[in-house]
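Per-entry structural report
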Amino acid sequence: MDAQTAGKTARTLELLHSLAYFVPETEKELVGVGLEPGRMVYFAGRSAPLGAPPATVVTATFFNFNPELIASVIPRAWELARPTEVVAARYRAIDAAYVRLFGADVTGSADMAEAAELVSIAAQNIPGVDGRTLYAGWASLDWPAEPHLRFWHALTLLREYRGDGHIAALQTAGLNGLDALITHTATGIGFQRKFAQTRRGWSQEQWDEAVESLKDRELLDRSSGALTEDGQDLRDVVEDLTDDLALAPWEALGEEGAKRLLELATPWRAALVEQEVFPAALFGPRFGKLR
């Protein structure tokens, strides 16, 4: 399997992992163990496998969020709930959300068991934790027994492994977290600008200063703010390097295994889109072919 095909496979399956950040079950379960609703649920829920990390560690591993935003809820979250409680609540939320969205007949089906087995082959062939901090935290957790939870767990390992490599690619390209967010938004495949800016906690002044810096570097057009040819080339290099750094587990699964996995999982992805789990208006015009 080549890196481009592997990357496309990972991106196609992404929504089946990232629904965790959008479904109401997540906030319900995590607030139920003591966290405050809103941003604390996201930051604590995703970083809890690292133990009880300080704000600086969460900032480093999440990369494109305003450090002040993270510091407003971390490490205070760990005073309200133990990380092990947060992790357990996260899996309860996924259990409930998968059953609600797909139905018990799907989560308990032979197809789900087969998909879980296939994606687990990929996840269990991730080479190691070197330089992959967030992946390493999630890899320290026990694997769930239920097929639909094993499916989500394996996708999460692959997602965070790829994400850690993506940060390395962005740094290699000379893009900091805010630069990465702005240029990704400019491609039309990320969040829309307003949502990206507010969701990641950047002020208008911070955003505008970063935009001016990117224009000075000739990565954004000075009049339109769109990516220049150099800017698009740089983003292409980042995505290609990200695909290369995430190839190994998909090579282990192989093209036929990946093809079968997509055959099984694509209808579930379509069900998420149909049920509008992800508000399409929040994303750019080229995002993931949601429609």
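For the structure itself, look to the data block above.
Okay, so let's go over this structure. Note that the coordinates shown come from a computational prediction; the quantities given were computed from them, not determined experimentally. Once a new chain begins, its residue numbering starts again from 1 and follows that chain's sequence as written. Where totals are concerned, whole chains, interfaces and linings use all residues; where local detail is concerned, this predicted model gives features only for residues with pLDDT of at least 70, and gives and counts side-chain atom pairs only at 80 or more. With hydrogens and water stripped out, all remaining heavy atoms of the structure feed into the side-chain values.

Re helix H2 (residues 24–32)
- Working definition: with a 1.4 Å probe on protein chains only, accessible area under 20% of the residue-type maximum means buried, over 50% means exposed, and in between means partly exposed. For the purposes of this entry, the term helix denotes a DSSP run of H or I that reaches at least four residues, the term strand denotes a run of E that reaches at least two, and both are numbered from the N terminus. The complete set of buried residues in H2 reads Glu25, Thr26 and Leu30. The buried residues of H2 occupy an angular sector of 115° when the element is viewed end-on, so they sit on one face. Opposite the packed face of H2, turned more than 90 degrees from it, sit the exposed residues Pro24, Lys28 and Gly32.
- Here, two residues are considered to be in contact whenever any of their heavy atoms come within 4.5 Å of each other. Residues of H2 that are buried sit in contact with helix H3 (39–47) and helix H7 (83–102).
- Just past H2, the residue Gly34 takes up positive phi, approximately 125°. When we speak of the arc, we mean the arc of directions from the helix axis to the C-beta atoms.

Describing the packing of helix H11 (residues 147–172) against helix H15 (residues 229–245)
- Each axis is a line fitted through C-alpha atoms, and for a helix only the stretch in contact is used; angles between axes span 0 to 180 degrees, taken between their N-to-C directions. The N-to-C vectors of H11 and H15 enclose an angle of 140°; their axes lie 8 Å apart at closest approach. With respect to each other, H11 and H15 are oriented oblique. Relative to H15, H11 is oriented so that their crossing is right-handed. Between H11 and H15, the contacting residues are Tyr161, Arg162, Gly165, His166, Ala169, Leu170 and Thr172 on the first element and Arg235, Val238, Glu239, Leu241, Thr242, Asp243 and Leu245 on the second.
- Note that Gly is not counted as nonpolar here; it falls among the polar residues with everything else outside the nonpolar set of Ala, Val, Leu, Ile, Met, Phe, Trp, Tyr, Cys and Pro and the charged set of Asp, Glu, Lys and Arg. For the contact of H11 with H15, the class distribution of residues is six nonpolar, four polar and four charged. Throughout this description, any angle smaller than 35 degrees is read as roughly parallel, any larger than 145 degrees as roughly antiparallel, any in the 65 to 115 degree range as roughly perpendicular, and the remainder as oblique. In this scheme the handedness of a crossing depends on how the near helix is turned from the far one: anticlockwise by less than a right angle means left-handed, clockwise means right-handed.

What about the pattern of salt bridges?
- A side-chain nitrogen of Lys or Arg and a carboxyl oxygen of Asp or Glu constitute a salt bridge if their distance falls within 4 Å. Per the stated rule, a full pass over the model turns up 17 salt bridges.
- With its nearest N and O atoms 3.4 Å apart, the salt bridge here joins Arg217 to Asp179. Highlighted residues: Arg217 in the loop between helix H14 (204–216) and H15 and Asp179 in helix H12 (residues 177–187), separated in sequence by 38 residues.
- Classification of Arg217 by relative accessible area gives partly exposed; the value is 36%.
- Among the salt bridges present, the one from Glu212 reaches Lys215, with a minimum N-O distance of 3.8 Å. Linking Glu212 with Lys215, this pair stays in helix H14, spanning three residues, or about one helical turn.
- Relative accessible area serves as the criterion here: at 37%, Glu212 is assigned to the partly exposed category.
- With a relative accessible area of 14%, Lys215 lands in the buried category.
- Counted as one network, the salt bridges with shared partners bring together Glu14, Arg46, Arg159 and Glu160.

Details of the packing of aromatic side chains
- Two rings from Phe, Tyr or Trp (for Trp, the six-membered ring) form a pair when their centres sit within 6.5 Å of each other. Planes less than 30 degrees apart are called stacked, planes more than 60 degrees apart edge-to-face, and all others tilted. Enumeration according to the criterion identifies 16 aromatic pairs in this entry.
- Summarising the aromatic geometry, the rings of Phe191 and Phe195 are spaced 4.7 Å apart at their centres and angled 70° between planes, so their arrangement reads as edge-to-face.
- Put simply, the rings of Tyr21, Tyr42, Phe43, Phe62 and Phe65 pair up and form one aromatic cluster.
- Directly above the ring of Tyr161 sits Arg132, whose terminal nitrogen or CZ lies 3.8 Å from the centroid.
- Only lysine NZ and arginine CZ atoms are considered, and such an atom sits over a ring when it is within 6 Å of the ring centre and within 35 degrees of the ring normal. The ring of Phe22 is capped by Arg199, whose NZ or CZ atom sits 5.8 Å from the centre of that ring.

What to know about the environment of Ala139
- Tracing the chain through its elements places Ala139 in helix H10 (residues 133–139).
- According to the relative accessible area criterion, Ala139 is partly exposed, its value standing at 32%.
- On a C-alpha basis, the gap between Ala139 and Leu50 in space is 9.9 Å, while along the polypeptide they are 89 residues apart.

As for the packing of helix H1 (residues 3–18) against H11
- Their axes nearest at 10 Å, the elements H1 and H11 cross at an angle of 125°. As summarised for this structure, H1 and H11 are arranged oblique, according to the angle between their axes. Read as a crossing pair, H1 and H11 show a hand that is left-handed. Along its contact with H1, which presents Gly7, Ala10, Arg11, Leu13, Glu14, Leu16 and His17, the element H11 presents Phe151, Trp152, Leu155, Thr156, Arg159 and Arg162.
- In the contact of H1 with H11, the residues fall into six nonpolar, three polar and four charged.

Re the nonpolar core
- Side-chain atoms within 4.5 Å are what join buried Ala, Val, Leu, Ile, Met, Phe, Trp, Tyr and Cys residues into a set we call a nonpolar core. Leu16, Phe43, Ile74, Tyr98, Phe151, Trp250 and Trp268 are the most contacted members of the largest nonpolar core, which has 96 residues in total.
- Excluding residues within four positions of it along the chain, Ile74 makes contact with Phe43, Ala44, Pro53, Pro54, Ala55 and Val58.

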